[in-house]
Amino acid sequence: MTVVQADAEVATASAPAPGRRRGVPKAVLNLISVGLGIAIWWGFSLAGHDIPAPPEVLSRGRELVADGTLLDDVLASLGRVLAGFVLGVALAVPVGFLMGWYGMVRGLIEPWVQFFRTIPPLAIIPLAVVLLGIGETPKIFVIFLASFLACVIATFQGVVGVDKTLINAARVLGARDGTIFARVVVPASTPFILVGMRVGLGSSWATLVAAELIAAQQGLGYRMQSAQLYYDLPTIFVGLISIGVLGLLMDRILLFAERRLTHWQERR
Amino acid sequence: MIKLQHVRKVFADANFTALGDVSLDISDNEFVTVVGPSGCGKTTVMNILAGLDFPTGGQALVDGETISGPGPDRGVIFQQYALFPWLTVRKNVEFGLRTAGVPRAERRRTAEHFIDLVGLSDFADALPRTLSGGMKQRCAIARAYAVNPSILLMDEPFGAVDALTRVRLQEQLLRTWSQEKRTVVFITHDVDEAVFLANRVVVMAARPGRIVEVVDVDLPYPRTEEMRLSPAFTALRNRVWSAVYHQETVA
């Protein structure tokens, strides 16, 4: 709940408010901030810390784009994240609903969810490698686990938190369990599921690089690790920036979906 | 026709007797208000009538049949509006009709009629979050009316709106009711409201919840502002008031 509200506040704050004190537009401030950040980075690099300067990173980026490496890496990483994330969400939503709706299912599943939640997905990697080998499967599995655990809790809490009066209102209008579920519980918990998806996406990305430790041949995480062996700092920077930009883009897409699907919410 | 016969309700886990021994007959198209201090069990009565809760003793009957659960013959209006926030006014009003499998065109026509009746035509496609409290409650009334129940159960429906809106809503409710007569059981803690609306005011007391007095309101409808200020109204109001506020603490 707090997550939703905090987010709503951010949303209202970022909207251009006509009555507010006039000043520099937000986009300009953002640009200034980015420019300043790059300047500081440049400063550090000039001061002789072993950091590559922005032009160096930029030209390495160009090279990697030109020979197709970056695109292949991005596609490999995106494929893993999306596969794990989609599988995780696809399982988390029904399981979360069942847990919220049936006390018995909740009693059976909750201890396991709570238990696995305390284990960082990365700690599963050794086990996943032994059991699942070194192909794509263990990588996707670890990402799947990360997004599943984040999303299942959110869905479950959304279902449990559905206003009892709304359920009663549907019942007195003649709705039976199936109808109540489809037309009250599902829409009422959509905001929670979407927040869960965003959190899940975040943890999927967070798990990616480590998952690509497992004998990957391609991927942003793999590229950064092999660069590490050769002290190739510009490539590491290109990898980091790519992961950041892609993560941000995907989060924005989900945020956009959230706005569209839950515009009915009373925002405080 | 509603019949409560020696209805008792004990919440065993809390060892609390919500209703002692409540008997009440309400005939068709009557407007009955139930008034009493908090904890007198008025909401319990309403939940039993709605079929959302069940008596632990005695019987609650509608048209001679024991109430076994919620049903489209009894519409309920909740204090917190309970509108589905993701549906527009029109879709909210259509909800019960859709559940009942009414075809789209007819659904729309019926919804239109009741939205018009409560004066929300201009807001048919608005989401609840854009409506004021009074408008939300009017939408809830239209939604309850749309499934054509013979009984309307209203649980402090105007409890959350300001005093002026409350008076407007009362007048509008009576207008709606006079055009579409239903049996109404209206729960409130506002004595003026209870007298202004009702054919009959049922006064309840707490510990255990019970009926202490039933006051007939023999003022004609339509009820007007002048009536509200008339000596006859004042006399009735005073009678109900003293029944509510000068209750003996022990039965």
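Per chain, residues are indexed from 1 in the order of the written sequence. To label them, take the chains in the order written and letter them from A, then take the ligands in the order written and number them from 1. Owing to the predicted nature of the model, reporting of local features is limited to residues with pLDDT of at least 70; listing and counting of side-chain atom pairs is limited to 80 or more, with chain, interface and lining totals taken over all residues.

1. A word on the overall build of chain A
(1) Moving on: Elements are defined by DSSP. Helices are runs of H or I of four residues or more, strands are runs of E of two residues or more, and each kind is numbered from the N terminus. Tallying secondary structure elements over chain A gives eleven helices and zero strands in all.
(2) Moving on: Its helices and strands taken in sequence order, chain A reads α-α-α-α-α-α-α-α-α-α-α from the N to the C terminus.
(3) Moving on: Dimensions of chain A, computed from C-alpha atoms along their principal axes, come out at roughly 70 × 60 × 30 Å.
(4) Moving on: A fraction of 75% describes how many contacts in chain A between residues 6 or more apart in sequence connect residues 24 or more apart. We call two residues in contact if the C-beta atoms placed from their backbones are at most 7 Å apart.

2. Some thoughts on the environment of Thr33(B)
Residues and elements named next belong to chain B.
(1) Moving on: Tracing the chain through its elements places threonine 33 in strand β3 (residues 31-35).
(2) Moving on: Along the chain, threonine 33 and valine 195 lie 162 residues apart, while their C-alpha atoms are 7.8 Å from each other.
(3) Moving on: Residues contacting threonine 33, with those up to four places away along its chain left out, are Phe186, Thr188, Ala194, Leu197, Ala198 and Val201.

3. Thoughts on unusual backbone geometry
All names here are of chain B.
(1) Moving on: Residue arginine 207 is joined to proline 208 through a cis peptide bond whose omega torsion reads -10 degrees.
(2) Moving on: Counting through the fold element by element, proline 208 comes out in the loop between β9 (200-205) and β10 (210-216).
(3) Moving on: Residue proline 222 follows tyrosine 221 across a cis peptide bond; omega there is -5 degrees.
(4) Moving on: Looking at the element boundaries, proline 222 is found in the loop between β10 and α7 (225-228).
(5) Moving on: Here histidine 6, not a glycine, exhibits a phi torsion of approximately 45 degrees, which is positive.
(6) Moving on: By the secondary structure assignment, histidine 6 is in strand β1 (residues 2-11).
(7) Moving on: Classification of histidine 6 as partly exposed rests on a count of 13 C-beta atoms within 10 Å. Exposed residues have 12 or fewer other C-beta atoms within 10 Å of their own C-beta, buried residues have 20 or more, and partly exposed residues fall in between, where C-beta atoms are placed from the backbone.

4. Remarks on the UniProt feature "transmembrane region" (unreviewed entry) in chain A
Residues and elements named next belong to chain A.
(1) Moving on: UniProt positions are given in the numbering used here, feature names are shortened, and annotations may be inferred rather than shown by experiment. The sites that UniProt annotates as "transmembrane region" (unreviewed entry) are residues 27-44, 81-103, 115-134, 140-160, 180-201 and 229-250.
(2) Moving on: End-to-end, the C-alpha atoms of residues 27-44 are 26 Å apart, and along that stretch the chain is 100% helix and 0% strand.
(3) Moving on: For residues 140-160, helix accounts for 100% and strand for 0%, while the C-alpha atoms at its two ends are 30 Å apart.

5. Brief notes about the interface of chain B and chain A
(1) Moving on: Of the residues lining the interface, 20 residues belong to chain B; the matching set on chain A comes to 15 residues.
(2) Moving on: If you list the elements that add at least two residues to the side of chain B that touches chain A, you get β6 (74-77) and α2 (89-99) of chain B.
(3) Moving on: Gly falls in the polar group here, along with every residue not listed as nonpolar (Ala, Val, Leu, Ile, Met, Phe, Trp, Tyr, Cys, Pro) or charged (Asp, Glu, Lys, Arg). Partitioning the side of chain B that touches chain A into residue classes produces 14 nonpolar, four polar and two charged.

6. Observations concerning the confidence of the model for chain B
Residues and elements named next belong to chain B.
(1) Moving on: Here chain B averages 90 in pLDDT, and 98% of its residues register 70 or above.
(2) Moving on: The pLDDT score gives, residue by residue, the confidence of the prediction method on a 0 to 100 scale. Here α7 is the element of chain B with the lowest mean pLDDT, 88, and β3 is the one with the highest, 95.
(3) Moving on: The complex model carries a pTM of 0.78, and its ipTM stands at 0.85.

7. Overview of the sheet that holds β10(B)
Residue and element names in this part refer to chain B.
(1) Moving on: If you trace the six strands from one edge of the open sheet to the other, you get β6-β7-β8-β3-β9-β10, paired in mixed fashion. Because the sheet does not close on itself, it has two edges, and the strands there are β6 and β10. Looking at each pair of strands side by side, their axes are set apart by 20 degrees on average, direction ignored.
(2) Moving on: In this structure, β6 lies alongside strand β7 (residues 151-155), joined through four bridges in parallel fashion. Each residue of the ladder has a partner; that of arginine 74, found in β7, is isoleucine 151. Note on pairing: two strands pair once DSSP finds at least 2 bridges between them. Axes here refer to lines fitted to C-alpha atoms; in helices the fit is confined to the stretch in contact. Angles between the N-to-C directions go from 0 to 180 degrees.

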